[in-house]
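Fold and contact review
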Amino acid sequence: MDKSAVLADWIKPNNMPITSSEQFAPSNIALCKYWGKRDKQLNLPMNASLSVSLGHLGTHTRLVPIDYSADEIWLNSDRLLPSSAFCQRISAFLDLFRKPGTCSFRVTTRNSIPTAAGLASSASGFAALAKAVNESFQLELNTEQLSVLARLGSGSACRSVFKGFVEWQMGQREDGLDSHGIQLNAAWPGLCVGLVKVDASVKATDSRSGMQRTVETAHLYQSWPVQAAHDIVLLKEAIAEKDFAKLGQTAEHNALSMHATMIASWPPLVYWQPESLATMQRIWKLRKDGLAVYFTMDAGPNLKLLFEQADLDAVMRYFPDMEVIQPFGHG
Ligand code: 2P0
């Protein structure tokens, strides 16, 4: 099934943008990762995932209908070449909603994520764009439908439509209408996410092709959906019980298990740099010495530390350059 068929009921005939729109969506960090698709067209996942949204850090997107024959796309004050991969992805997404040749847009995208943090922005970017399209075309979609829309742009974007803790339910339907984020009714004031930059350069293998290679070549991958399903249960228990050790341990174990499947791919996918491993070893030593700090990692060499506000000063002593985010505010 293709994306247009999924959206057929939501898009009116002779669809035209009515207004401009400016929208924001937060970045998110997965505590149980999305890795592997059962449908590449629709970004339908092999497993459910669970994330925390990063408050005011994310993407602001402004969508303005224009008279020119091509889209004009800006990223952090730079106008991008229409042939760039970024522009092509955005224009292809907009093509889902407009009749060919009927309208173009100026899309202005500004990331409030510190560029040095090494955080991916496609999740917040497509979530903000989905919200802007919804307003501009007056589609009047509810939040779960918006999450479906965002997923069609980038899988993890379906979680960035929401604040706080978000579960991406994998769903069963072929059209994916049941595969979207839902917000958990829970908050954790004082929870801290520390961004430890190891290397901010563009990674060699993007997530999209990395996860495809893992699914196709890693025998170890067979155990991944089973572990992820179990980890979601543990994380929800940890959140309900405010059991930080359980949360940190489950998130770290989940991230390392995902990386194990990547390493077991062929050709091997190793996103770590020597400094990534050195940082992990420091964290394990700090934990052995009694400091409750854990980490998670995505498809790159940087680490995201998890700890509570009571330990903020202690963790900062060991990682003075770290950027700290408190998704739920102070404890
Ligand atoms: C996650 N990642 O759950 C995982 C962990 C990377 C590692 O979601 O192909 O950019 O657009 O659906 O969403 C990155 O994957 O991939 C990702 P597409 P996406 O955060």
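A short tour of the structure in this document, coming up. (Residues numbered from 1 in each chain as written. Predicted model: local features only at pLDDT ≥ 70, side-chain atom pairs only at ≥ 80, totals over all residues. Heavy atoms only, no water.)

Considering the environment of Ala25
Stated formally: Here a helix means four or more residues in a row that DSSP labels H or I, a strand means two or more in a row labelled E, and each is numbered from the N terminus. Here a residue-residue contact requires only that any non-hydrogen atoms of the pair lie within 4.5 Å.
With respect to the element layout, Ala25 can be found in strand 1 (residues 21-32). Discounting residues that sit within four places of it in the chain, Ala25 has contacts with Gly58, Thr59, Ser124, Ala127, Ala128, Lys131 and Ser160.

Thoughts on the site of the ligand
Under the convention used in this document: Nearness is defined per residue: one heavy atom within 4 Å of the molecule or strand is enough. Throughout this description, a polar contact denotes any pair of N or O atoms lying within 3.5 Å of each other; where both atoms belong to protein, one of them has to be capable of donating a hydrogen while the other can accept it, and for residues adjacent in sequence the pair is counted only when both atoms sit in side chains. Here the nonpolar group is Ala, Val, Leu, Ile, Met, Phe, Trp, Tyr, Cys and Pro; Asp, Glu, Lys and Arg are the charged ones; every other residue, Gly included, is treated as polar. Throughout, the edges of the domains are those of an automatic or database domain assignment.
Taken together, 18 residues form the shell around the ligand, and within it Tyr34, Lys37, Ser154, Ser156 and Arg208 come nearest. In this structure, Ser122 approaches the ligand through a side-chain N or O atom, which is 3.5 Å from an oxygen atom. For the ligand, an oxygen atom lies 2.7 Å from a polar atom in the side chain of Ser154. Here the element with the most residues in the shell around the ligand is helix 5 (residues 207-217); it accounts for three residues. Residue classes in the shell around the ligand are distributed as six nonpolar, six polar and six charged. Here the shell around the ligand spans two domains, and each of domain 1 (3-183) and domain 2 (191-325) adds at least three residues to it.

So, the sheet that holds strand 13 (residues 323-325)
Note the following rule: A pair of strands is labelled paired if DSSP reports no fewer than 2 bridges between them. Lines are fitted to the C-alpha atoms to define the axes, a helix being fitted only along its stretch in contact, and any angle between axes, read from their N-to-C directions, falls within 0 to 180 degrees.
Reading across from one edge, 11-12-10-13 is the order of the four strands in this open sheet, with antiparallel pairing throughout. Looking along the sheet, the strands with just one partner apiece sit at the ends: strand 11 (294-297) and strand 13. Strand-to-strand, the axes of this sheet are offset by a mean angle of 30°, without reference to chain direction. Here strand 11 runs beside strand 12 (residues 303-308); their pairing, made up of four bridges, is antiparallel. The residue of strand 12 that forms the bridge with Tyr294 is Leu306.

Comments concerning the nonpolar core
Note on soluble globular proteins: their nonpolar side chains tend to be buried together. The following threshold applies: In this text, buried Ala, Val, Leu, Ile, Met, Phe, Trp, Tyr and Cys residues form a nonpolar core when linked through side-chain atoms within 4.5 Å. Type-normalised accessible area, obtained with a 1.4 Å probe on protein chains alone, sets the label of each residue: buried when under 20%, exposed when over 50%, and partly exposed for intermediate values.
Core analysis: the biggest nonpolar cluster contains 40 residues, and Leu31, Trp35, Leu50, Phe165 and Leu247 have the highest contact counts within it. Of all the secondary-structure elements, those providing two or more residues to this core are strand 1, strand 4 (49-66), strand 8 (165-168), strand 10 (191-196), helix 6 (224-241) and helix 7 (244-263). Structurally, this core is a two-domain feature, drawing no fewer than three residues from each of domain 1 (3-183) and domain 2 (191-325). The contact partners of Trp35, leaving out residues within four places of it in the chain, are Asn47, Ser207, Gly210, Met211, Thr214, Tyr221, Trp224, Met258, Thr261, Met262, Tyr271 and Ala299. One finds Ala127, Ala130, Val148 and Val166 within the second-largest nonpolar core, a separate group that totals 37 residues.

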